[in-house]
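Here is how the chains run, residue by residue.
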Amino acid sequence: MSSSSSNDSYPWLPLELILKIFNELPLVDESALILAQGMQTNHLFFRMIADLAIWESLYKTRYTHHDHTREMERKEVLGSNWRLRYAARQRIDCMAMGS
């Protein structure tokens, strides 16, 4: 198959297998980076990864301590979108670390 084929972005593995692979990532910060990079692959991957339940597990594993009031504010603004909540906390971490 030519590299210029219009089907280059098509997932050549079954979607169920791709989801299983992403959901089996260990609960470490590097997994969030892998997921974020995967989301940049194409629209299909973006939609699949954005909805994964793994974001909740990553969030709860990474952020075991929090200010209850601020956590409730994030929940009010971002709802149950754990990916966005994880990203919001990552931005706070970066600001705190001066990155």
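Rules behind the numbers
- Residues numbered from 1 in each chain as written.
- Predicted model: local features only at pLDDT ≥ 70, side-chain atom pairs only at ≥ 80, totals over all residues.
- Heavy atoms only, no water.
- Salt bridge = Lys/Arg side-chain N within 4 Å of Asp/Glu carboxyl O.
- Buried < 20%, exposed > 50% of the residue type's maximum accessible area, 1.4 Å probe, protein only.
- Helix = DSSP H or I, 4+ residues; strand = E, 2+ residues; numbered from the N terminus.
- pLDDT = per-residue confidence, 0-100.
- Contact = heavy atoms within 4.5 Å.
- Phe/Tyr/Trp six-rings, centres within 6.5 Å; stacked < 30°, edge-to-face > 60°.

(A) Fine view of the pattern of salt bridges. In this structure the tally under the stated criterion is 7 salt bridges. Close ionic contact of E24 with K20 constitutes a salt bridge, the shortest N to O distance being 3.0 Å. Take E24: its relative accessible area is 52%, and that puts it in the exposed class. A salt bridge links R74 to E71, with the shortest nitrogen-to-oxygen separation between them at 2.9 Å. Of this pair, R74 and E71 are both found in helix α5 (residues 68-78), 3 residues apart, which corresponds to roughly one turn of the helix. The class of R74 is buried, set by a relative accessible area of 13%. Residue class for E71 comes out buried when judged on its relative accessible area of 5%. Salt bridges sharing partners connect three or more residues here, namely E71, R74, R85 and R89.

(B) Structural detail: the confidence of the model for the protein chain. Of the residues in the protein chain, 88% reach a pLDDT of 70 or more, and the chain-wide mean stands at 85. Taken element by element, the predicted model of the protein chain shows its lowest mean pLDDT in helix α1 (residues 15-23) (86) and its highest in α5 (94). Segment residues 1-5: pLDDT under 50, and 4 contacts once partners within four positions in sequence are set aside and those in other chains are kept.

(C) Fine view of the packing of aromatic side chains. Summed over all chains, the structure comprises 5 aromatic pairs. Relative to Y63, the ring of Y59 has its centre 5.3 Å away and its plane inclined at 55 degrees; by these criteria the two rings are tilted. Its relative accessible area of 6% is what places Y63 among the buried residues. Within the aromatic cluster, the residues linked to one another by ring pairs are W55, Y59, Y63, W82 and Y86.

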